[in-house]
Amino acid sequence: MSESDTIKIFYASESGNAEAIAMQIANEAKNKSYDVKIHEIQDFLKESFDVPKTAIFVISTFGDGDPPSNAESTFRKMAIKAKRFKNNSESEYANLYYSVLGLGDTNYNNFCNASKTFIKHLKTLKSTEFYPCGFADDGTGLEEVVEPWIANIWPSLEVIQKKILNPPKIFNDQQVDSMIQDLSIKEKNLEKHDTQNQIYFSIENIKPQTIKRKLALDFSKITNTKKVLGAPKSISNNMKIRFLEHEILQNEQSVELNEFGIRKVLKYPFWIFNKTGKLMNNDEKDLEENIYGTFLAQVVYASCMTTQDAVKRTLLLELDIDPEFKSDDGNTCPYVGNKNVLDEWEAGDSFGIVAPNDPNIVAALLDRLNVKSSEWYLPISLESLDQSIDPTLVAGSHITQFFGNSENDQQPSINNSGLDKLATLFELLCWKMDIMSCPKKQVLRVLSDYCTDPTEKAKLLLLSSRNGTTMYNELRSSQTLMVGILDILNTFPSCNIGVAHLIQILPPLVHRSYSISSCKSVNPKKWRFAFNVVEHKLSSDQQPQTNDNPSGVSVKEANIRYGLCTSWLDMISNYPVPIESISDTLNPSKSFESTDIDQIQKDIYEMLPRNQIDVQNKKVYIPVYLRKNTSGFRLPKQNKNESVDGTKRPKIFIGPGAGITPFIGFLEQILYEKISCSNINDTEIQMYFGCRNKNKDYLFAKLLSYYKHQGVITNLRLCFSRDDEDSEQKYVQHLMLQDKHKIADLVLNQDAQVYVCGDAVGMGKDVHNTLVDILHSVSLEPRYNSILNSSLPKQLENGINPEENEGDQLSVVQINKLLLLWTSTGKYTRDLW
Ligand SMILES: Cc1cc2nc3c(=O)[nH]c(=O)nc-3n(C[C@H](O)[C@H](O)[C@H](O)COP(=O)(O)O)c2cc1C
């Protein structure tokens, strides 16, 4: 049997749902004796990869209808293949039988857009659907669609396999051998690092918090408790952990522990750094184009941009992405960035931060799982309980790198160091596992198996089932409760799941992304970024009352919950103090008319909050990697070959709250261009910003005044939602409506580009609908009607012929299609999260 006969299950996943579901399908297929392999979606288009005959794709949607980041380049390549494909030619994908399970959330625009796009490409390339594609909604519960979709796929799969293989085969010894061989090849490819040069971060100052809280779950709210409906299937324990006694530990015995038994200083593990950003992938050709490797950047500036009484605390940090640092022994640290990063980044890009879970919570979790503290810092090796099973069928790809070979293997020695792959249990939970999000229903289902108390078992089972959906959704989506796995384990004390099974089923920790708010031309080695520190205090009197709380969820104890990455950044930059007052007034005695770039850099620093603490001398480093923006959220470059110079097109920037960050980088770039090419025409910039209070959280207030003074911002439109609660201009969309004619003139007469950045669910939707409203309403005016009509895509899917429409108001559907077209041409670009 050839490799292409194996059923391939591909996943494109950001936070692990699609991957977990792909594994579930693979396991069920394997139990049914199918020959099956699971792959990340980028393998599908690898040159060395045979086109499979049967493939199942599980694809989630992220951003604003985009594919997850592990799938971006595959989607781009598929789009190119589909575009180049001529109908009468032969397709290399014509013999592929496929089905796609799309994951999405109806709270977002573009429900399941990534999977739908992928299906479109497969159809164009003449592949055949063997089982109807499904689309599951995370907003109401993925399992509603996923479970029946998986349950019903088997008859169709059998038919198609019979057709292809006749009859289906099971694994033979040779295949198992080759799988093991694959594994050892992967191990050889691991990079070696110098063990001496590790960088540390201190957790001495971590905020104490109540971590042992219990949830009060009122199950009387669940009406139908007699029969458990639609609970996910349980996943059996397929993994064990082997502790490796190791000589490196001898050197570390002196490490100081704090009162909770946690090390006061934690190392960055070797394996979070890599040259390429993709572990265990040596094939340069297949690297994701937008990843340039994880490296250490130094925090060189940290300040708080909001006042003490602001609702949210917003920090501004600056990173040196090319720090000339030496480790204690004088050697250059191996984790410096790939030089390409300095050339490649641009304003509009973002970067990922590899941040750990709160070590206090990790310690409490290990404690709750009855792991002795003497084992927390021992290196471990993960193993399949059944050695013949491929680890990729046992656990998610985020931890397969920690799988050892076999029980009989010698322990790795420091000399032939496999150290870069060794993790301790503490590190694994700190850096790889998502322990802070609400556990998935599938995890709750497994936990129920381990409850010795029958009432607790029944409750967890109910919570994981369809009957408990309302309560589960409340748990999952509550911004204030922020329920994690530890809360669930503490609420159900009889659950005695072991740490190995829990690690097997927990999803991966997703890296956090931040927009860069500085510009390369002004300072190529610095990334500035701003973010809100996520912190929720829930004291007893603030807790949800059961009466107003139909799902019956609350917490029993007073509590504080912190966001994972933002509170970590706050801690390692030593908690910058809030600014005393917000000022947007420039120093009247100073001239800001300089044309010298160095002076401009100094001016910009002068406009930033002045309460920064001296982090530079503290030598604080964080692991980061560049994420190039692929959705075109960029300023146009000067291109002499184009008839219209994009740099001169007017621009509308809409970015309330932290959505302002990329625009600060854009403004810096425009100022730079204005000064360095002195003949450049002034580009009109209409900017919309909003926050709660002018005197508390008006971010970059002084800098915005400066850009206005410099003529970079033509029109600065501001709104403050809490300063005047009765005002009709609370939010940016209200200002936009007020400026209806200005916006219509800019967009339709002057070909302006519209950029939106910020929250996808609230602001993104409202701003989009407002733009639709504006264009819809001005389409009644003859001067705009003809422009809009001539811009409409010629062939509208719903059969409306724009020519017949001339003179009439355009429909909302037509406007939406026009905005879709503008998205593809870069006239309307959004960076939503
Ligand atoms: C930041 C963010 C953006 C999202 N954007 C979309 C979207 O545009 N359209 C959609 O249908 N679902 C969207 N979703 C929902 C995810 O597709 C859904 O939660 C899915 O289960 C995630 O699967 P994964 O864990 O495999 O990535 C988004 C989720 C998040 C957290």
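Residues numbered from 1 in each chain as written. Predicted model: local features only at pLDDT ≥ 70, side-chain atom pairs only at ≥ 80, totals over all residues. Heavy atoms only, no water.

Within an unreviewed UniProt entry, the label attached to the chain reads Methionine synthase reductase, and the organism entered is Furculomyces boomerangus.

Points about the domain arrangement of the chain
You can read the domains of the chain as domain 1 (7–165), domain 2 (216–404 + 419–505) and domain 3 (635–796 + 806–832). Between domain 1 and domain 2, the residue contacts involve 28 residues of the former and 23 residues of the latter. Overall, the association of domain 1 and domain 2 removes approximately 2,100 Å² of surface from exposure, summing both partners, and the carbon and sulfur fraction of that is 37%. Three residues stand out in domain 1 for area buried against domain 2, namely Met23, Lys46 and Glu143, and they jointly supply 19% of the buried area on that side. Run the count over domain 1 and domain 2 and you get 3 salt bridges. If you look at where domain 1 meets domain 2, you find 6 residue pairs in polar contact (both at pLDDT 80 or more). Only α1 (17–31), β2 (36–40), α2 (72–84) and α4 (143–164) provide two or more residues apiece to the side of domain 1 that touches domain 2. No other element matches α1, which puts 8 residues into the side of domain 1 that touches domain 2. Taken together, the residues of the side of domain 1 that touches domain 2 break down into 4 nonpolar, 11 polar and 13 charged. (Domains from an automatic or database assignment. Contact = heavy atoms within 4.5 Å. Buried area = accessible area lost by both parts, 1.4 Å probe. Salt bridge = Lys/Arg side-chain N within 4 Å of Asp/Glu carboxyl O. Polar contact = N/O pair within 3.5 Å; in protein donor to acceptor, adjacent residues only side chain to side chain. Helix = DSSP H or I, 4+ residues; strand = E, 2+ residues; numbered from the N terminus. Nonpolar A, V, L, I, M, F, W, Y, C, P; charged D, E, K, R; others polar.)

A word on the UniProt feature "domain: Flavodoxin-like" (unreviewed entry) in the chain
Those places that UniProt annotates as "domain: Flavodoxin-like" (unreviewed entry) correspond, in this numbering, to residues 7–154. Across residues 7–154, the secondary structure splits into 35% helix and 22% strand, with the terminal C-alpha atoms separated by 12 Å. (UniProt positions renumbered as here; feature names shortened; annotations may be inferred.)

Focus on the nonpolar core
In this structure, Ile353, Leu447 and Trp527 are the most contacted members of the largest nonpolar core, which totals 133 residues. Residue-level mapping places this core at the junction of two domains, with at least three residues from each of domain 1 (7–165) and domain 2 (216–404 + 419–505). If near-sequence neighbours (up to four positions away) are discounted, Ile353 is found in contact with His511, Arg512, Tyr514, Phe529, Cys565, Trp568, Leu569, Ile622, Pro623 and Val624. Residues Phe666, Ile685, Leu704 and Cys757 belong to the second largest nonpolar core, which totals 41 residues. (Core = buried A, V, L, I, M, F, W, Y, C linked by side-chain atoms within 4.5 Å. Buried < 20%, exposed > 50% of the residue type's maximum accessible area, 1.4 Å probe, protein only.)

Regarding the site of the ligand
Around the ligand sit 22 residues, and of these Ser13, Ser15, Ala18, Thr61 and Asp138 come closest. Contact distances for the ligand include 3.0 Å between an oxygen atom and a backbone N or O atom of Gly16. Residue Ala18 places a main-chain N or O atom 2.6 Å away from an oxygen atom belonging to the ligand. In the complex, 88% of the free accessible area of the ligand, which totals 650 Å², lies under the protein chains. (Near = heavy atom within 4 Å. Areas by Shrake-Rupley, 256 points an atom, 1.4 Å probe, with all protein chains shown as cover.)

Focus on the pattern of salt bridges
Throughout the structure, instances matching the rule amount to 25 salt bridges. A salt bridge links Glu143 to Lys441; its shortest N-O distance comes to 2.6 Å. Residue Glu143 is located in helix α4, and its partner Lys441 is located in helix α11 (residues 441–449); the two are separated by 298 residues in the primary sequence. Salt bridges linked by common partners bring Glu346, Asp349, Arg634 and Lys637 together as one network.

Focus on the environment of Asn238
Relative to the helices and strands, Asn238 is located in the loop between β8 (215–217) and β9 (239–243). Taking C-alpha positions, Asn238 is 38 Å from Met571, a pair spaced 333 residues apart along the chain. Setting aside anything within four residues of it in sequence, one finds Asn238 in contact with Glu383, Ser384, Leu385, Val394 and Gln504.

Overview of the packing of helix α17 (residues 597–607) against helix α18 (residues 661–676)
Look at α17 against α18: their axes get within 11 Å of each other, and the N-to-C directions meet at 150°. Here α18 runs roughly antiparallel to α17, going by the angle between their axes. Of the two possible hands of crossing, α17 and α18 adopt the one that is right-handed. Contacts between α17 and α18 involve Ile597, Ile600 and Ile604 from the first element and Glu668, Leu671, Tyr672 and Ile675 from the second. When its residues are assigned to classes, the contact of α17 with α18 shows 6 nonpolar, no polar and 1 charged. (Axes fitted to C-alpha atoms, helices over the stretch in contact; angles between N-to-C directions. Parallel < 35°, antiparallel > 145°, perpendicular 65-115°, else oblique. Left-handed = near helix turned anticlockwise from the far one by under 90°.)

Points about helix α7 (residues 359–368)
Burial of α7 is extensive: 9 of the 10 residues sit out of reach of the surface. Those residues of α7 not exposed but buried are Pro359, Asn360, Ile361, Val362, Ala363, Ala364, Leu365, Leu366 and Arg368. In this structure, the buried residues of α7 make contact with β10 (265–267), α10 (425–431), α14 (485–491) and α15 (499–505). Backbone nitrogen of Asn360 and a side-chain oxygen of the N-cap are separated by 2.8 Å at the start of α7; the cap is Asp358.

Examining α11
Burial analysis of α11 places 8 of its 9 residues in the buried class, the great majority of the element. Of the residues making up α11, those classed as buried are Lys441, Gln442, Val443, Leu444, Arg445, Val446, Leu447 and Ser448. Buried residues along α11 sit against α1, α4, α12 (454–464), α13 (469–477), α14 and α15.

Structural notes on the confidence of the model for the chain
Detailed reading of the predicted coordinates is not advisable wherever pLDDT is low. When the pLDDT values of the chain are averaged, the result is 80; 78% of them are 70 or greater. Ignoring residues within four places in sequence, the model shows residues 204–209, a span with pLDDT below 50, making 18 contacts including any to other chains. Contacts of residues 539–550 to residues separated by more than four positions or lying in other chains number 17 contacts, the stretch itself having pLDDT below 50. In the predicted assembly, ipTM is 0.94 and pTM is 0.76. (pLDDT = per-residue confidence, 0-100.)

Concerning the packing of α2 against helix α3 (residues 113–124)
Where α2 contacts α3, the axes come no closer than 9 Å and their chain directions differ by 35°. Seen from above, α2 lies across α3 with left-handed handedness. Residues Phe75, Met78, Ala79 and Ala82 of α2 form the contact with α3, whose own contacting residues are Ala114, Thr117, Phe118, His121, Leu122 and Thr124. Here the contact of α2 with α3 is composed, by residue class, of 7 nonpolar, 3 polar and no charged.

Remarks on unusual backbone geometry
Backbone geometry places Ser33, a non-glycine residue, at a positive phi of 70°. By the element assignment, Ser33 lies in the loop between α1 and β2. In this structure, Tyr575 takes a positive phi of about 50° despite not being glycine. Mapped onto the secondary structure, Tyr575 falls in the loop between α16 (564–572) and α17. Of the residues examined, Tyr575 reaches a relative accessible area of 22% and is grouped as partly exposed.

Thoughts on the pairing of strand β25 (residues 753–758)
Burial of β25 is extensive: 6 of the 6 residues sit out of reach of the surface. Where burial is concerned, the two faces of β25 agree: the one with Gln753, Tyr755 and Cys757 and the one with Val754, Val756 and Gly758 are both buried. Where strand β22 (residues 651–654) lies against β25, 4 bridges are found, and the strand directions are parallel. Among the inter-strand pairings, Ile652 is bridged to a residue of β25, identified as Val754. Pairing analysis gives 5 bridges linking β25 to strand β26 (residues 828–832), with the strands arranged parallel. Pairing of Tyr755 across the sheet is with Thr829, part of β26. (Pairing = 2+ DSSP bridges.)

Observations concerning the state of the cysteines
For the coordinates displayed, the defined rule picks out 0 disulfides. Unpaired in this structure, Cys133 has its nearest cysteine sulfur neighbour in Cys112, at a distance of 11 Å. A disulfide-free cysteine, Cys430 has its sulfur positioned 13 Å from the sulfur of Cys565, the nearest such atom. Take Cys430: its relative accessible area is 1%, and that puts it in the buried class. (Disulfide = S-S within 2.5 Å.)

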